[in-house]
Amino acid sequence: LRCMPEPYKIKVVEPIRLIPRKERERAIKEAGLNQFLLKAEDVFIDLLTDSGTGAMSQDQWAGLMIGDESYAGSRNFYNLQKSIEDIFGYKYFVPTHQGRGAENVLFPLLIKPGQYVLGNYHFDTTKAHIELKGGRAVNLIHERAYDTAVEHPFKGNIDLEKLEAFIVEHGAENIAFILMTVTCNSAGGQPVSMENIRGAYQIGKKYNLPVLLDAARFAENAYFIKKREKGYENKSIPEIVLEMFSYSDGCTMSAKKDGLVNMGGLIGIKEDYELYQKVRQMVVPIEGFPTYGGLSGRDMEALARGLREVVDEAYLASRIHQVQYLGEKLKEAGIPIQEPVGGHAVFVDAKRFLPHIPQSQYPAQALCVELYIESGVRGVEVGTLLAGRDPETGEEIYPELDLLRLTIPRRVYTYNHMDWVAEGLARIAARKDEIRGLKMVYEPKILRHFTAQFEWV
Ligand SMILES: CC1=C(O)/C(=C\N=C(/Cc2ccccc2)C(=O)O)C(COP(=O)(O)O)=CN1
């Protein structure tokens, strides 16, 4: 499975340390069995998220030195604007501090209370912003995404029949917009095919609905299209990216993923000047000013350069192969994962791995805690804990997928680190029937997974 070596060499290193098991047991206990509450220094290999945790290049670091911190009209804003024009083919954009900043500015301009926002599968913070603006987030991903054992090249695809049927049934006037998340994080970092993006866009046009991309991992999505979709094998990544964005009216983007930066986000608008004007007004009270949107000049420069780096095929091949490699190692150890392996993470199917733990006892969270104790590796739960409660009934939602996400930061870890993670999980697999469920002893009201506290059942 080894592919071409990484197209970069290491120049700076940051020490990491595996603290003794006794200390790991104490640390996670003090964190209420919630890995979000651990100190980063007590984590050996941090697979909590690929968001903002990647390594920047020498070109990006060099760019910090030409950060223009003028309040308005910063040079770096115009450099970022050029990157967005060249890569997305969009005429307008506004920077924001991260993805949620983009959602917080854009969504109230598009959603009337009670309207639906239709998508393949909204990420949880995006769903939260849709609901906070009075919208109703609806996931219409194709059924196959819920069966982790089923292999399909584009499990992130929206079910186009369901999409059109929903619009016809509820009336286009009750739909705010269509949001396509590429790649689809919640379904396991699964890509969306060009045909599917085009199909959703055509349906949007047919019913006069805006179509937006949640573009956090757009480059990884483009790579999968090149590798897996007929007719794209000879297209360059930049060509594929331009075509993807041509099938949208705009995008929100957490640049902390495929922007290759530690902080950043943006709202992109293809050509709707009127919407752009509204966004420029809204960004002032929320993110500061239209030419900096919550970012310093140097951050915008790092992003302007990161967007150009992320569409490099040699980089994408090495990044995605490393994720595939970890997936293969886990499969060899008989650990059930979402197949095929996605672009930014390996998702362990905790329901299949720990069938003796009911979803009401958070199997993926229990596995996450065990993995930290066993090997100092921090993953994250994408399952019942994350799903939260139904906003209307208050009942816990038991999602189809109860996954432990092992999220690989970009350009940070080596294959040895991946082996360490796989061996830790293999040791757990040997004693998995002894793993106990969890009960939540403190439950926050909003986005509970960040600060919830647990005890072993
Ligand atoms: C598809 C997509 C995302 O994946 C996304 C953020 N993902 C994150 C960041 C995160 C969120 C919640 C808990 C832990 C970590 C991820 O770990 O996966 C956002 C929000 O972006 P933001 O974090 O910059 O505000 C919008 N869309």
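The structure presented is a predicted model; accordingly, all values stated were derived computationally and were not measured.

Rules and cut-offs
Residues numbered from 1 in each chain as written. Predicted model: local features only at pLDDT ≥ 70, side-chain atom pairs only at ≥ 80, totals over all residues. Heavy atoms only, no water. Disulfide = S-S within 2.5 Å. Buried < 20%, exposed > 50% of the residue type's maximum accessible area, 1.4 Å probe, protein only. Helix = DSSP H or I, 4+ residues; strand = E, 2+ residues; numbered from the N terminus. Expected span 1.5 Å × (residues − 1). Contact = heavy atoms within 4.5 Å. Pairing = 2+ DSSP bridges. Axes fitted to C-alpha atoms, helices over the stretch in contact; angles between N-to-C directions. Near = heavy atom within 4 Å. Polar contact = N/O pair within 3.5 Å; in protein donor to acceptor, adjacent residues only side chain to side chain. Areas by Shrake-Rupley, 256 points an atom, 1.4 Å probe, with all protein chains shown as cover. Domains from an automatic or database assignment. Buried area = accessible area lost by both parts, 1.4 Å probe. Salt bridge = Lys/Arg side-chain N within 4 Å of Asp/Glu carboxyl O. pLDDT = per-residue confidence, 0-100.

Caption draft 1: Up close: the state of the cysteines. Counting across every chain of the model gives zero disulfides. C251 provides the cysteine sulfur closest to C184, a residue in no disulfide bond, and the two sulfurs are 17 Å apart. A relative accessible area of 0% means that C184 is categorised as buried. Overall, C251 belongs to the buried group, its relative accessible area being 0%.

Caption draft 2: The arrangement of helix α14 (residues 363–375) in detail. In a regular helix each residue adds 1.5 Å, so 13 residues correspond to 18 Å; α14 covers 18 Å between its end C-alpha atoms and thus fits that length. Summarising burial for α14: 13 of the 13 residues are buried, a large majority. In the segment just after α14, G376 is the residue with positive phi, at about 75 degrees.

Caption draft 3: Structural detail: helix α8 (residues 218–228). In terms of residue burial, α8 counts as a mostly covered element, since nine of its 11 residues are buried. By the burial criterion, the buried members of α8 are F218, A219, E220, N221, A222, Y223, F224, I225 and K226. Those residues of α8 hidden inside the fold are in contact with α3 (75–88), α7 (194–206), α9 (237–246), β7 (250–254), α11 (297–310) and α12 (313–332).

Caption draft 4: Summary view of unusual backbone geometry. Residues V182 and T183 are joined by a peptide bond in cis, for which omega reads -15 degrees. In this structure, T183 sits in the loop between β5 (175–181) and α7. At the junction of E339 and P340, the peptide bond is cis and its omega measures out at -10 degrees in the coordinates. For P340, the position within the fold is in the loop between α12 and β9 (345–349). Residues other than glycine seldom take positive phi values, yet L260 does so here, at roughly 60 degrees. Note that L260 resides in the loop between β7 and β8 (265–269). For L260, a relative accessible area of 5% corresponds to the buried category. The phi dihedral of L447 falls on the positive side, at around 45 degrees, and the residue is not glycine. The topology assignment puts L447 in the loop between β13 (438–442) and β14 (453–456).

Caption draft 5: Focus on the sheet that holds strand β12 (residues 403–407). The strand order across the open sheet formed by three strands is β9-β12-β11, and the pairing between neighbours is antiparallel. The open sheet terminates on both sides in strands that have one partner only, identified here as β9 and β11 (380–382). Averaged over all adjacent pairs, the angle separating strand axes in this sheet is 35 degrees, with direction ignored. Note that β9 and β12 share five bridges and pair antiparallel. Bridge pairing links D349 to L403 in β12. Contacts from α14 reach β9, β11 and β12 within the one sheet, and its direction differs from that of β12 by about 45 degrees.

Caption draft 6: Representation of the site of the ligand. Among the 20 residues in the neighbourhood of the ligand, the closest are listed as T49, R100, D214, S254 and R405. Here Q98 contributes a side-chain N or O atom positioned 2.8 Å from an oxygen atom of the ligand. N185 places a polar side-chain atom, nitrogen or oxygen, 2.8 Å from an oxygen atom of the ligand. For the ligand, whose free accessible area comes to 570 Å², the fraction covered by protein is 96%. Breaking the shell around the ligand down by element, the ones donating at least two residues are α4 (99–110) and α5 (124–132). Take the shell around the ligand: its biggest share by element is three residues, from α4. The residues that make up the shell around the ligand include at least three from each of domain 1 (21–50 + 313–456) and domain 2 (58–310).

Caption draft 7: Main features of the domain arrangement of the protein. Each assigned domain of the protein is listed with its residue range as follows: domain 1 (21–50 + 313–456) and domain 2 (58–310). Centre-to-centre, using C-alpha coordinates, domain 1 lies 26 Å away from domain 2. With 33 residues of domain 1 in contact, the opposing surface of domain 2 contributes 37 residues. Of the roughly 2,800 Å² buried where domain 1 meets domain 2, counting both sides, 54% is carbon and sulfur surface. If you sort the residues of domain 1 by the area they bury against domain 2, E313, L316 and P340 come out on top, with a joint share of 19%. Inspection of the domain 1/domain 2 interface yields six salt bridges. Residues D258 and R410 are paired through a salt bridge, measuring 3.1 Å at the closest nitrogen-oxygen approach.

Caption draft 8: Region of the structure containing the pairing of strand β3 (residues 116–119). Across the two faces of β3 the burial is the same, with Y116 and L118 and V117 and G119 all buried. For β3 and strand β4 (residues 136–139), the ladder comprises four bridges, and the chain directions are parallel. Considered in β4, the bridge of L118 is made with V138. Two strands pair when backbone bridges link them, and β3 and β5 are joined in this way by four bridges, in the parallel orientation. Bridge pairing links L118 to I178 in β5.

Caption draft 9: The confidence of the model for the protein, seen in detail. Overall, the predicted model of the protein reaches an average pLDDT of 97, with 100% of residues at or above 70. Scoring the predicted complex yields pTM 0.96 and, for the interface, ipTM 0.99.

Caption draft 10: Summary view of the pattern of salt bridges. One pass over the structure, following the stated rule, counts 35 salt bridges. Close ionic contact of D50 with R319 constitutes a salt bridge, the shortest N to O distance being 3.9 Å. Placement of the pair is D50 in the loop between β1 (45–46) and α2 (58–64) and R319 in helix α12, with a sequence separation of 269 residues. For the pair D50 and R319, a shared accessibility class is recorded, and that class is buried. Among the ionic pairs, R308 bridges to D86, the shortest N-O distance being 3.0 Å. One end of the pair, R308, is in helix α11; the other, D86, is in helix α3, and 222 residues separate them in sequence. In this structure D86 comes out as partly exposed when scored by relative accessible area, which is 34%. One network of salt bridges, with partners in common, ties together R21, K22, E25, E370, E374, R427 and R431.

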